[in-house]
There are 2 protein chains.
Amino acid sequence: MAITRGNLVVGQSGGPTAVINNSLVGVIQEAMAHPQIEGIYGMVHGIQGLLHEEMMDLRQETPATLETLRDTPASALGTVRYKVKDTDYERLLEVFIAYNVRYFFYIGGNDSMDTTNKIAQLALSKGYEMHAIGVPKTVDNDLAETDHCPGFGSAARFVATAIRDTGYDTLAMGDSSPVKFMEIMGRNAGWLTASTALAKETPDDPPHLIYLPERGISIEQIVSDVEEVYHRLGYCVVAVSEGAKDESGEDLGSGRGDVDAFGHILKGGVVEFLDQTIKDRLKLRTRYDKPGYLQRSFASLQSPIDREEAYQVGRLAVRAAAEGKTGQMVTILRQPSEVYHIEYGLAPLAQVANKEHVVPMEYINSHGNGVTEEFIRYARPLIGGPLKRYARLSKHLVAKRS
Amino acid sequence: MAITRGNLVVGQSGGPTAVINNSLVGVIQEAMAHPQIEGIYGMVHGIQGLLHEEMMDLRQETPATLETLRDTPASALGTVRYKVKDTDYERLLEVFIAYNVRYFFYIGGNDSMDTTNKIAQLALSKGYEMHAIGVPKTVDNDLAETDHCPGFGSAARFVATAIRDTGYDTLAMGDSSPVKFMEIMGRNAGWLTASTALAKETPDDPPHLIYLPERGISIEQIVSDVEEVYHRLGYCVVAVSEGAKDESGEDLGSGRGDVDAFGHILKGGVVEFLDQTIKDRLKLRTRYDKPGYLQRSFASLQSPIDREEAYQVGRLAVRAAAEGKTGQMVTILRQPSEVYHIEYGLAPLAQVANKEHVVPMEYINSHGNGVTEEFIRYARPLIGGPLKRYARLSKHLVAKRS
């Protein structure tokens, strides 16, 4: 047991999610149950706030505010993208000592876990008692040592819903715009893009093609994939990662000399490139959607499971610290069972820091244009229940009379 | 009373909406209550299906399918963008006679009302008894003679939610990306873009700036507007219509020689143009979202009021036809009252056809960068209840110790 009385600091780092505040509330509410934890301080914009001693007193927040925060997207403390410099750590130790900070929690991704690990190691090396625990968070779902990451399930629910809805729209449009691209977040890890496959109820439902950054694909294959789907179904809906690569590992649409039929250099990202290429090559009307930051902030589609897990990892981080642990990240461990069942665990931050867990090849189909059943079994439970049911007409055609 | 026994055709035209199938179900269910209506046929891809005699027998659909269709976005019959040619009308009359079509319903916008009107006039001029009624539908909300258009309220609920969620995300990011643009549908009518203002709970909430196509604005003013908001609040969220114009009435970002700081010609639409301009001029990190077709197809955020009104205009169109009327469009008439109350009416299609009801100047603020309270009073009820409540921390800062 950590019996040292002292103060707690908690911060949020990196890209927000639709459920990240659940982890914050979990930390606060659990901390209140531990008498050795005195002040509960929030870092304003993460580690940067700590360096500048900008912190808020979270004991001042009402229970009602904390409950409503669980519905609220984005990082209530403010977030930051700041790579901590070696010279910063001494300063951080000063701050910890000045404020008698004994409990440190950082809600974030790989970089944040690296920062938390270095803080834990620094405190140990200086003989300063400090319990530093990482709280996993990322819509990219790319943290090592955990089955999945809080934030991912809700983002996956959003992108699956979005591709399905835009798919119905595209089908309805017929030949007036039969090809639709949607650009999905995840520059290096295709977990979210792959999750659009959860929109499928039958094999011919959108998304018809899915391109992940893990598996480079030639523009020639994309053109022939779209052509094949369009000729078979009369429309084609494509989910493509913002970081999709060609066969040489270059970003698709990186603008390195890609020219359209008129010799214009193509600018913009991957969807603009694919959109223009299909227009030119297949002479089909194409459209694209770029939901952008809605993918990580659309709180109306929080996954109930994701929301609860995000809350629990916050609580458990505090419990681990209160038990005297440090230098660990809370993990989610899927249990072998028919129904979805998880246990929570801890992993040394050193095994998580700066690692990137990308989509394994067994989750990508042999053509590199879709996902496998194994992936579906993995991802399905995380979105927290089936999507809203839709209907299609049975289309009994009326006999022609003239 | 129209006593002529005969068949009914119904079609969906133009851009789909999140509730357009409610109008279709309204037509079908009401038609079943009128013995003089025999076949209930759906045009496959609108008027084009009629020209090619591609119709489905809607009496074959189960009640369960019809109920689930009310939750289903996009046009279940398939839609079309086809401007009917004068030479097509003779062919249409042939089809009406061949199929004994006496009841014609077209769910759509201005063009569709023009088509419906011409069909009604043609039948009259040929002495062929035909009851042709228009069913209003458009997320653009730009039909004349009606207080608002089915489809608008749900799209407005989506864009208000989207801008609020991305606004929380932008606030959380702080200076790592303090400026966010969202491009909103409505090339000529700014109703949807204006509706993002429904996300505001306080004057300083996002969206901070709103630019509509009805009111041209110089790029210089946009730059100074963004600069003012950023310096006052530390971030700035902008809702801009895809059809926003400059002071000379040209599309912003139309690419007519717009160059960035490096002399590159700027391509892409209005948000790409504004994004690059603010980066260059204010040296601020900017981001943009382009939710695109999600705005009209995101069924998870159907407005309950919009959904019900879309259903009723379908039912009432059939009732009007059964009463012997033709050449009319069903309208929604707001009643003067404290609480939202409407009546349904009819307007001659000739007064609706090809007209465009844009946002009136009294709904746009004097600077042309936001909306008035009058607009809020108009639009608020249409999204069907308040948005999900969110919380912010009260931010009691901890006293600095070093």
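Look up a bit, the structure's there.
Residues numbered from 1 in each chain as written. Chains lettered and ligands numbered in written order. Predicted model: local features only at pLDDT ≥ 70, side-chain atom pairs only at ≥ 80, totals over all residues. Heavy atoms only, no water.

**A closer look at the overall build of chain A**
Part 1 of the reasoning: Scanning chain A from N- to C-terminus turns up 12 helices and 11 strands.
Part 2 of the reasoning: Against the globule reference of 21 Å for 402 residues, chain A gives a C-alpha radius of gyration of 24 Å, in line with a compact fold.
Part 3 of the reasoning: With the C-alpha coordinates of chain A rotated into their principal frame, the extents come out at 90 × 45 × 35 Å.
Part 4 of the reasoning: Partitioning the intrachain contacts of chain A with sequence separation of at least 6 by distance along the chain shows that 75% fall at a separation of at least 24. (Helix = DSSP H or I, 4+ residues; strand = E, 2+ residues; numbered from the N terminus. Rg over C-alpha atoms; globule rule 2.2 N^0.38 Å. Contact = heavy atoms within 4.5 Å.)

**Brief notes about the sheet that holds strand β4 (residues 101–108) of chain A**
Residue and element names in this part refer to chain A.
Part 1 of the reasoning: With respect to topology, 7 strands assemble into an open sheet ordered β3-β2-β1-β4-β5-β10-β11, the strand pairing being mixed. One side of each edge strand has no neighbouring strand; the edge strands of this open sheet are β3 (55–57) and β11 (342–348). The average undirected angle you get between the axes of adjacent strands in this sheet is 30 degrees.
Part 2 of the reasoning: The pairing of strand β10 (residues 328–334) with β11 spans 7 bridges and is classified as antiparallel. In the strand pairing of β11, M329 is matched with A347.
Part 3 of the reasoning: Together, β1 (6–12), β2 (37–43), β4 and β5 (131–136) form the strand contacts of helix α1 (residues 20–31), whose direction differs from that of β1 by roughly 175 degrees. (Pairing = 2+ DSSP bridges. Axes fitted to C-alpha atoms, helices over the stretch in contact; angles between N-to-C directions.)

**A look at the pairing of strand β2 (residues 37–43) of chain B**
All names here are of chain B.
Part 1 of the reasoning: Of all the 7 residues making up β2, 6 are buried; the element is thus mostly covered by neighbouring parts of the structure.
Part 2 of the reasoning: Looking at chain direction, strand β1 (residues 6–12) and β2 are connected through 4 bridges and run parallel. Along β2, the bridge assignment pairs L8 with I40.
Part 3 of the reasoning: A crossover connection joins β1 to the parallel β2 through helix α1 (residues 20–31); in handedness this β-α-β unit is right-handed. (Buried < 20%, exposed > 50% of the residue type's maximum accessible area, 1.4 Å probe, protein only. Right-handed = clockwise from strand over helix to strand, strands pointing away.)

**A word on the packing of helix α4 (residues 86–98) of chain B against helix α5 (residues 110–125) of chain B**
Two packed helices can be described by the angle between their axes and the distance between those axes.
All names here are of chain B.
Part 1 of the reasoning: Closest axis-to-axis distance for the α4/α5 pair is 11 Å, and the angle between their directions is 65 degrees. With respect to α5, the element α4 is oriented roughly perpendicular. Between α4 and α5 lies a crossing whose hand is right-handed. Within the contact between the two elements, α4 uses Y89, E90, L92, L93 and F96 and α5 uses T115, K118, I119 and L122.
Part 2 of the reasoning: Split by residue class, the contact of α4 with α5 holds 6 nonpolar, 1 polar and 2 charged. (Parallel < 35°, antiparallel > 145°, perpendicular 65-115°, else oblique. Left-handed = near helix turned anticlockwise from the far one by under 90°. Nonpolar A, V, L, I, M, F, W, Y, C, P; charged D, E, K, R; others polar.)

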